[in-house]
Amino acid sequence: MTEHVEWGEPDAPAAVPVPTAAVTPADAADAARLVAFGLQPKLQPARDQEYAELLRRYREDSAFARLADAVATGLGLVVLEVSPRAGMAVTAAEDSVFAVRMGDYARRTSADSGDRFLHGLAHLAVAAMAFPRPEDLADDGYIGRVSVNGVDAFVRQACRRLEERADEQGENTDPATDAPGLEAAWRIWARRSSTGATKDARRLAGSTTGIIGKAVAFLTDSGFLQRTGDDGGGTYRTTARYQLQVRDMAGSAAMAELLELGIVPVTDGTASLLPAEDTEDLELAADAGLPFHS
């Protein structure tokens, strides 16, 4: 009796695992060091050799890049870009210990709970003036310019437009003055003095230009703006990091509301504004303010 044997294709040889370089404590330290550099927004890679070298390693060594990304993720950070122009640009996720809350920011600047919205609106207006068009955000070489007085004029023009809409729609009622949360955005801003005055001619911290001044000072300290002069209450230019930050947040309803009013500012830091166009109403997010979480 002959046993029948079926012949088939020979078994494929087992895949031989490709050895990978083990991550060393030194690698982890370098990755954490790069993230630490990213948390110093004013530090420019061109002025720090170690920072520049770690950026080069990130771009050329994919394993190191993944390690640095993992370190950032573990700290609750989102990597927006890693490049010579922006360094390691990171922003804090909502649950990160590095997240700045609008409420905390407002409490440090004023005891008035109604000012929380004003501070958020100031940050929103600075972002809208700095990058009023989608192409401005898309162009890596674009530099936005704003001034304190220009931002205030921009918001007040928006307030006038919103008031006109309310009149046209028969909604221009006057809520209780002790319930600022019920007030429309334009009512809160328009009722506040633009500058106020102290005996030594300083602008009041609670005035609208004082609030904007606080906002741009915070953005400057955070590496998002650079001060360029004293005209117009203070003039500023945007940085690559701020463009990335605003680009990341540009889809917010509040940003859309402010831009779709059609009040497009001249982006040289002046207060010149174009006439508003009719657009559809959008809900204005009460706690919107870049680069804060609500």
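My aim in this report is to walk through the structure given alongside it, one point at a time. (Residues numbered from 1 in each chain as written. Predicted model: local features only at pLDDT ≥ 70, side-chain atom pairs only at ≥ 80, totals over all residues. Heavy atoms only, no water.)

## Things to note about the sheet that holds strand 4 (residues 225–229)
Alright, step 1. Taken in spatial order, the three strands of this open sheet run 3-5-4, and their pairing is antiparallel. Each edge of the sheet is formed by a strand with only one pairing partner; in this case those strands are strand 3 (145–147) and strand 4. Between one strand axis and the next, the sheet turns through 35° on average, direction left out of account.
Alright, step 2. One ladder, built from four bridges, connects strand 4 with strand 5 (residues 235–238); its direction is antiparallel. Looking at strand 5, one finds that Leu-225 is bridged to Thr-238. (Pairing = 2+ DSSP bridges. Helix = DSSP H or I, 4+ residues; strand = E, 2+ residues; numbered from the N terminus. Axes fitted to C-alpha atoms, helices over the stretch in contact; angles between N-to-C directions.)

## Section: the pattern of salt bridges
Alright, step 1. This model, assessed by the stated rule, comprises 13 salt bridges.
Alright, step 2. For Arg-156, the salt bridge goes to Asp-152, with nearest N and O atoms at 3.2 Å. Note that Arg-156 and Asp-152 are positioned in helix 7 (residues 148–168) at a spacing of four residues, about one turn of the helix. Grouping residues by exposure puts Arg-156 and Asp-152 together as buried.
Alright, step 3. When salt bridges that share partners are traced, they join Glu-81, Arg-85, Asp-140 and Arg-247 into one network. (Salt bridge = Lys/Arg side-chain N within 4 Å of Asp/Glu carboxyl O. Buried < 20%, exposed > 50% of the residue type's maximum accessible area, 1.4 Å probe, protein only.)

## Some words on the side chain of Asp-152
Alright, step 1. The buried category is assigned to Asp-152, whose relative accessible area is 5%.
Alright, step 2. There is a polar contact of 2.8 Å between the side chain of Asp-152 and the side chain of Thr-208.
Alright, step 3. In this view, Asp-152 contacts Trp-189, Ser-194, Thr-208, Thr-209 and Ile-212; residues no more than four positions away in its chain are not counted. (Polar contact = N/O pair within 3.5 Å; in protein donor to acceptor, adjacent residues only side chain to side chain. Contact = heavy atoms within 4.5 Å.)

## Regarding the side chain of Thr-91
Alright, step 1. Within the fold, Thr-91 resides in strand 2 (residues 87–92).
Alright, step 2. Of the polar contacts made by the side chain of Thr-91, one reaches the side chain of Gln-245; its length is 3.2 Å.

## Thoughts on the packing of helix 1 (residues 25–38) against helix 2 (residues 49–60)
Alright, step 1. One can describe the packing of helix 1 onto helix 2 by two numbers: an axis separation of 10 Å at closest approach and a directional angle of 115°. Judged by the inter-axis angle, helix 1 sits roughly perpendicular to helix 2. Helix 2 is crossed by helix 1, and the crossing has left-handed handedness. Contacts between helix 1 and helix 2 involve Asp-27, Asp-30, Arg-33, Leu-34, Phe-37 and Gly-38 from the first element and Glu-50, Tyr-51, Leu-54, Leu-55, Arg-57 and Tyr-58 from the second.
Alright, step 2. Across the contact of helix 1 with helix 2, the residue classes break down as six nonpolar, one polar and five charged. (Parallel < 35°, antiparallel > 145°, perpendicular 65-115°, else oblique. Left-handed = near helix turned anticlockwise from the far one by under 90°. Nonpolar A, V, L, I, M, F, W, Y, C, P; charged D, E, K, R; others polar.)

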